[in-house]
Amino acid sequence: MNSRHPQDFKIKPKELTLLIEILKNKNDEDLCHELFIDIDWDKFIQLAIHHRVYPIIYLRLKNKMNKWVPQNVNSALYQKYKKNTFQMLKLSGEMEQVSDLFTENDIRLLFLKGPAIAAYLYGDISHRTSGDLDILIPINDIEKAEKLLLRSGYERMEAATPLWKIRYHHITYFHVEKGIQVEIHWRLHPQSLKEPKFNELWTRKQKSNFTDHPVYFFGDEDLFLYLVAHGARHGWFRLRWLMDIDQILSEKMIINENVLSVKEFKNHHLGGDIHFLGQTLILVSQLFNTPLNEAMHILTEKNRSIKLAKKTIRYIIERAEYDFTMSEVYLAKYHNRYLFNIRSRQQRVIFIIKLFYPNPKDADTLRLPKSLMFLYFPLRPFLWVWRKVRVSK
């Protein structure tokens, strides 16, 4: 742990301790045999899967730690690693196809996550997991992009409701034959009060080096700020997101001190709570010994940043100790409570107002023609009650 920081984040249980030690020690010779004694290997595998870090865990264990790790554990991790490699190759091919399709039809697009980011941060797409393709496009191109995806065999997963562009920040499409999901974003985050315009991000974009056709994603500092905001918004409940930050700070770049300012962060994400950045820096330095410069250390000393980081560590530990068969309910409760607590007063007001906006569940409950969609507003409370009653029966 980082000795400069005043609080000591005690990690338990030992399966989680081992997981973190493997992740932070890029040279596995630094790992000691005692860490591998009396491990519940089923729990260890579950944690590696939950945190989406099993590719890194497998790669770091396979060479020198076989004598300390049961063969069935190595085999299970290898099967997950192999399946993920195939998934990332499939996503890579689709990423290039979608990029070509949109570019040919004059739609600019930036990939938020996925194979392009995996290759850039880790040097190999198999080292990171991705479940789908997340794409940012200008808001004026949404309808055009949807037509292209529908013609390509994708289906829209959310039903249209009034003011859906205001209530949401992305739409999900799924290709049944390919088994691939694509999310089209027109904003970076839900309920964001201020964030950079697409044109700003486009001018700072960078091109992926591992694709045959042009694929673009965020410039270094935009990528860093986006990943910080995305992880903070989700409560950092997956260690994979913190590993991404560690890779950026350790391997890729020196963050310009201007990026660490309140003004710059406010112009980018989540209404400008700079404490999210402090929270992130505390977590990576405490868990992975990520090196921080002086400007970063100053951010880690803010009381709210420390409080947020402690909440996240507490959840990560509780999640590791929790019964995995019941954890999704607990996870949802934690996430909803955390999300509400981190919002500013203004964001909370907007969040509450948007609760009265119709959502796709309302449209699934009662299909209305486009000319009558305005009725979803007065009907929303009744549709909500009807769904609750139907589930309870």
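Scroll up to find the structure.
Analysis parameters
Residues numbered from 1 in each chain as written. Predicted model: local features only at pLDDT ≥ 70, side-chain atom pairs only at ≥ 80, totals over all residues. Heavy atoms only, no water. Helix = DSSP H or I, 4+ residues; strand = E, 2+ residues; numbered from the N terminus. Buried < 20%, exposed > 50% of the residue type's maximum accessible area, 1.4 Å probe, protein only. Contact = heavy atoms within 4.5 Å. Areas by Shrake-Rupley, 256 points an atom, 1.4 Å probe, with all protein chains shown as cover. Salt bridge = Lys/Arg side-chain N within 4 Å of Asp/Glu carboxyl O. Core = buried A, V, L, I, M, F, W, Y, C linked by side-chain atoms within 4.5 Å. Pairing = 2+ DSSP bridges. Phe/Tyr/Trp six-rings, centres within 6.5 Å; stacked < 30°, edge-to-face > 60°. Lys NZ or Arg CZ within 6 Å of the ring centre and 35° of its normal.

## Notes on the overall build of the protein chain
Counting its regular elements, the protein chain contains 18 helices and seven strands. For the protein chain, buried positions account for 55% of its 393 residues. Within the protein chain, contacts between residues at least 6 apart in sequence are counted, and of these 67% link residues at least 24 apart. In the structure as shown, the protein chain presents an accessible area of about 18,800 Å², 54% of it carried by carbon and sulfur atoms.

## Section: the pattern of salt bridges
A pair can form between side chains of opposite charge whenever their charged atoms are brought close. Per the counting criterion, the structure on display carries six salt bridges. Of the charged contacts in the structure, one is a salt bridge between Lys178 and Glu94, with a shortest N-O distance of 2.9 Å. Of this pair, Lys178 sits in the loop between strand S4 (170-175) and strand S5 (180-185) while Glu94 is found in helix H4 (residues 71-104), placing the two residues 84 residues apart along the sequence. A relative accessible area of 30% places Lys178 in the partly exposed class. Across the pair Glu146 and Arg156 runs a salt bridge, and its minimum N-O distance is 2.9 Å. With a gap of ten residues between them, Glu146 in helix H6 (residues 142-151) and Arg156 in strand S3 (residues 154-156) connect regions that are remote in the sequence. By relative accessible area, which is 19% here, Glu146 ends up buried. A relative accessible area of 23% means that Arg156 is categorised as partly exposed.

## Remarks on the nonpolar core
In this structure, Leu16, Phe102 and Leu239 are the most contacted members of the largest nonpolar core, which totals 103 residues. Dropping the residues within four chain positions of it, Leu239 is found in contact with Leu16, Leu19, Ile20, Leu23, His51, Val53, Leu287, Phe288 and Ile316. Membership of the second largest hydrophobic core comes to six residues, among which are Ala159, Ala363, Tyr376 and Leu383.

## Let's talk about the pairing of S5
In terms of burial, S5 is largely enclosed, as five of its six residues are buried. Across four bridges, the pairing between strand S2 (residues 133-136) and S5 is parallel. What sits directly across from Asp134, in S5, is Glu183. Two elements, S4 and S5, share six bridges in a ladder whose sense is antiparallel.

## Quick word on the packing of aromatic side chains
In total, this model carries nine aromatic pairs according to the counting rule given. For the ring pair Phe36 and Trp68, a centre distance of 5.2 Å and an interplane angle of 50 degrees mean the geometry is tilted. Placement of the pair is Phe36 in the loop between helix H1 (14-24) and helix H2 (41-50) and Trp68 in the loop between helix H3 (54-61) and H4, with a sequence separation of 32 residues. Here Phe36 falls in the buried class, since its relative accessible area comes to 5%. Grouped by ring-pair contacts, the aromatic residues Tyr58, Tyr78 and Tyr81 constitute a single cluster. When the ring centre of Tyr54 is taken as reference, the NZ or CZ atom of Lys80 above it lies at 5.2 Å. When the ring centre of Trp202 is taken as reference, the NZ or CZ atom of Arg108 above it lies at 5.7 Å.

## Examining unusual backbone geometry
Cis peptide bonds are those with omega within 30 degrees of zero, and the linkage from Lys12 to Pro13 qualifies with -5 degrees. Inspection of the secondary structure assignment puts Pro13 in the segment before H1. One non-glycine residue, Asp38, lies in the positive phi region at around 55 degrees. On the basis of relative accessible area, Asp38 is assigned to the exposed category, the value being 60%. Unusually for a residue other than glycine, Arg52 sits at a positive phi of about 60 degrees. As for its position among the elements, Arg52 is in the loop between H2 and H3. According to the relative accessible area criterion, Arg52 is partly exposed, its value standing at 29%.

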